[in-house]
Amino acid sequence: MAKKLLLEKDHVEGIRHFDVYRREGGYAAVEKALKMEPAAIVEEVKKSGLRGRGGAGFPSGLKWSFLAKPEGVPRYLVCNADESEPGTFKDRYLMEFLPHLLIEGLIVSSFALGSNRTYIYIRGEYAWIVGILEQAIAEAKQNGFLGKNILGTGFDCEIYVQRGAGAYICGEETALIESLEGKRGNPRIKPPFPAIKGLWDCPTVVNNVETLAAVVPIINMGGEEYAKIGVGRSTGTKLISACGNINKPGVYEIDMTISVEEFIYSDEYCGGIANGKKLKACIPGGSSVPILPANLLLTTAKGEPRLMNYESLSDGGFATGSMMGSGGFIVLDEDQCIVRHTLTLARFYRHESCGQCSPCREGTGWVEKILTKIENGKGAISDIDLLWDIQRKIEGNTICPLGDAAAWPVAAAIRHFRDEFEWHVNNPELCLTQNHGLAHYADPIHVPA
Amino acid sequence: MVKFSEDKLKEVQSMIDRYPEGKQKSALIPLLHLAQEEFGGWLSAETMDYVGSLLGIEPIEVYEVATFYSMYNLKPVGKHVFEVCHTGPCMLKGSDDIIGYIKSTLGIKVGETTADGMFTLKTVECLGACGYAPMMQMGIDYREHLTEARVDEIIAACRNKQQKTSKA
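Within every chain, residues take consecutive numbers counted from 1 along the sequence as written. Both sets of labels track the order of writing: A upward for chains, 1 upward for ligands. Residue-level local features of this predicted model are given only where pLDDT is at least 70; pairs of side-chain atoms are given and counted only at 80 or more, and the full residue set underlies all totals for whole chains, interfaces and linings. Where side-chain values are given, they derive from all heavy atoms of the structure, hydrogens and water being excluded.

J.: Mind showing me how you'd approach the nonpolar core here?
T.: Note on soluble globular proteins: their nonpolar side chains tend to be buried together. Joining through side-chain atoms within 4.5 Å is the link that ties buried Ala, Val, Leu, Ile, Met, Phe, Trp, Tyr and Cys residues into a set, and such a set is a nonpolar core. Exposure is judged per residue with a 1.4 Å probe applied to protein chains only, and the accessible area is read against the type maximum: over 50% gives exposed, under 20% gives buried, and values in between give partly exposed. If you look at the biggest cluster of nonpolar residues, it comprises 161 residues, and the most contacted ones within it are Trp64, Ile103, Ile120 and Phe421 of chain A together with Tyr69 of chain B. At 11 residues, the largest contribution of residues to this core is made by helix H18 (residues 402-426) of chain A. With residues up to four places along the chain from it excluded, the contact list for isoleucine 120 of chain A reads Cys79, Ala81, Leu102, Ile103, Leu106, Leu133, Ile159, Tyr160, Val161 and Gln162 of chain A. Judged by nonpolar contacts, the second largest core, of 26 residues, contains Ile258, Phe263, Leu297 and Tyr310 of chain A. Counting from the N terminus, the helices are the DSSP runs of H or I reaching at least four residues and the strands are the DSSP runs of E reaching at least two. Contact definition: two residues touch when any of their heavy atoms are within 4.5 Å.

Pasting the structure below:
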């Protein structure tokens, strides 16, 4: 059984409430941290090697150290709870079942960064979780962990929950800030980065829910101890939300030393492919990251077992690898159609493009239209090349990463499953009624029996 | 005329108080949620203008936000809105069949409302319930692990509730 740092107590009865959470050792990190120098807390997070858990994987301590501290200007910490990357539902689980863990992480982080007014920006659809978080905030306040002069240290902090209203783009930190200011979620041009000019033009740090929750064990055990868990630059534990055609979908906390094969087939995690089917493909880190066929998913191009961590998942670059991303692990069985699946993702990105940059606004629409054509048996071989060309023109040509996120799934689907796109074009009648199974591949995808 | 009750106005003030002085525009998104709940499940131009007046901002500042976010309804909707997710992970678990079943059961297309004004069917993009797919949102609640039988139960429960309310 892997070591759990975040979800260890998720099944303790009543853990949503302050008294139970406290009895189980909760808020010890606040007591410890508030006796430390803020800079020392930042140092612990740096030592821990913690990387942003929202998708980008940027070192969190380093991000914190960029925060500008001009005299007389407020600084803000904003928690990004706009979890919207298809396949990702880990933050929801954490907030729903362990709200005090997030609040505790937020208090410690607010103290470290000097934020007296901290916001949790939660996606609008998670409406019922707003009440759970507000309850936890109220309880923490009643017990002296929030509000004025916390634990007699002179530190004041309030946490507010802000609901979004349905926009994937607000997970991008500058779009989130715009939305928090009561505007459309249009990402800003960077620089300046939020650390210099963020919310209301003040220095701001935006961190993912899981990242902020991880600050609690880091303070409790010390950054160096935390860094001993995991492997290489993948330190600590990671929450993975697993979904698709598996026996046990759900949220799992993993130690980043386990293999992808173990994660999929072990009963401790996904429990294998549902209905006795074979594994065809998987998107290991949320819909934006490259899809991999079963063989490349389980084994790197070098022939080594692929592990569930940042380095191993990206081994081989985009040619033969993928990314850890947000930890949204989407599994496709042998009956699934790659064209159809890619089309749903293309539709998602077209719907969610904010419309500021032409390559993304126009390109995502074209990609959806062409994929619709191919899926419906009306495509030509030249359409596949056109898709490739369009995604190349979106990637890197937009002010925020949504463009890349829209381009990568299309590129990877064509890169690894071109046979299947061609089969659609060459079998316009069949593709309407049949799924393109593993058998159609010239070079069959090798999967474990 | 569109106007919040005294109680709701207190709630409005507490929303505005979450932000530093002069930054009350930040309350726009939460206020539009509140207005949509209070004023018939959608945002009319009158409602949006009213929200703008509460925050001291121009109507256009409200319109541009209301039209950007997918949770705001810009035209009237049925009493119960079924928002069925059809992005990749839900598709893998049969969301297209669920949408087809709801369409045939209610006799409406996506985007339409039943003649009795009871149900509206919409499709939405990923709602973060991928492990519990297929799913839909109904008001503030999620309905997960949908099957045809489960859809039947949900529709029947909505109809029963309606009958009870009209009898009372």
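Moving on, there is more to tell.
J.: Any chance you could explain helix H2 (residues 28-38) of chain B here in plain terms?
T.: An α-helix turns once every 3.6 residues. As a result, residues three or four positions apart point the same way. Across the 11 residues of H2 of chain B, 9 count as buried, placing the element largely inside the fold. Along H2 of chain B, the residues that are buried comprise Leu28, Ile29, Pro30, Leu31, Leu32, His33, Leu34, Ala35 and Gln36 of chain B. Of the surrounding elements, those touching the buried residues of H2 of chain B are strand S3 (158-163) and helix H8 (173-180) of chain A together with helix H1 (6-16), helix H3 (45-55) and helix H4 (59-66) of chain B. Positive phi shows up at glycine 40 of chain B, right after H2 of chain B, with a value of about 85°.

J.: In this structure, what is going on with the layout of surface pockets? I would like to understand it.
T.: Any empty space left between the atoms is revealed when a probe the size of a water molecule rolls over them. Points on a 1 Å grid over protein atoms alone make up a cavity when a 1.4 Å probe fits among them but cannot get out, and a pocket when they form an open set with protein on both sides within 12 Å along at least five of seven lines; lining residues each have an atom within 4 Å of a point. Grid points are joined across faces, edges and corners, and a volume is the space filled by probe spheres set on the points. Here the largest pocket is characterised by a volume of approximately 1400 Å³. Looking at the largest pocket, it is lined by 49 residues, and the ones nearest its centre are Gly54, Gly55, Ala56, Gly171 and Pro401 of chain A. Of all the secondary-structure elements, those providing two or more residues to the lining of the largest pocket are helix H4 (60-65), helix H5 (90-97), strand S4 (204-208) and H18 of chain A. Charged residues are taken to be Asp, Glu, Lys and Arg, nonpolar residues to be Ala, Val, Leu, Ile, Met, Phe, Trp, Tyr, Cys and Pro, and polar residues to be all remaining types, Gly included. Here the lining of the largest pocket is built from residues that sort into 19 nonpolar, 18 polar and 12 charged. Put simply, the second largest pocket is a space of about 810 Å³. Along its surface, the second largest pocket is lined by 29 residues, and Lys79, Val81, Met138, Gly139 and Ile140 of chain B are the ones closest to its centre. For the lining of the second largest pocket, the leading source of residues is helix H7 (residues 148-167) of chain B, giving 5 residues. The residue inventory of the lining of the second largest pocket, partitioned by class, reads 8 nonpolar, 13 polar and 8 charged.

J.: What is the right way to look at the packing of aromatic side chains in this model?
T.: In this description, an aromatic ring pair is defined by two values, namely the gap between the centres and the angle between the planes. Residue and element names in this part refer to chain A. Pairing of aromatic side chains requires ring centres within 6.5 Å, counting the rings of Phe and Tyr and the six-membered ring of Trp. Pairs whose planes differ by under 30 degrees are stacked, by over 60 edge-to-face, and all others tilted. According to the stated counting rule, one finds 30 aromatic pairs over all chains in the structure shown. Taken together, a centroid distance of 5.8 Å and an interplanar angle of 75° make the contact between tyrosine 168 and tyrosine 349 edge-to-face. Residue tyrosine 168 is located in the loop between S3 and H8, and its partner tyrosine 349 is located in helix H15 (residues 338-352); the two are separated by 181 residues in the primary sequence. By relative accessible area, tyrosine 349 is classed as buried at 1%.

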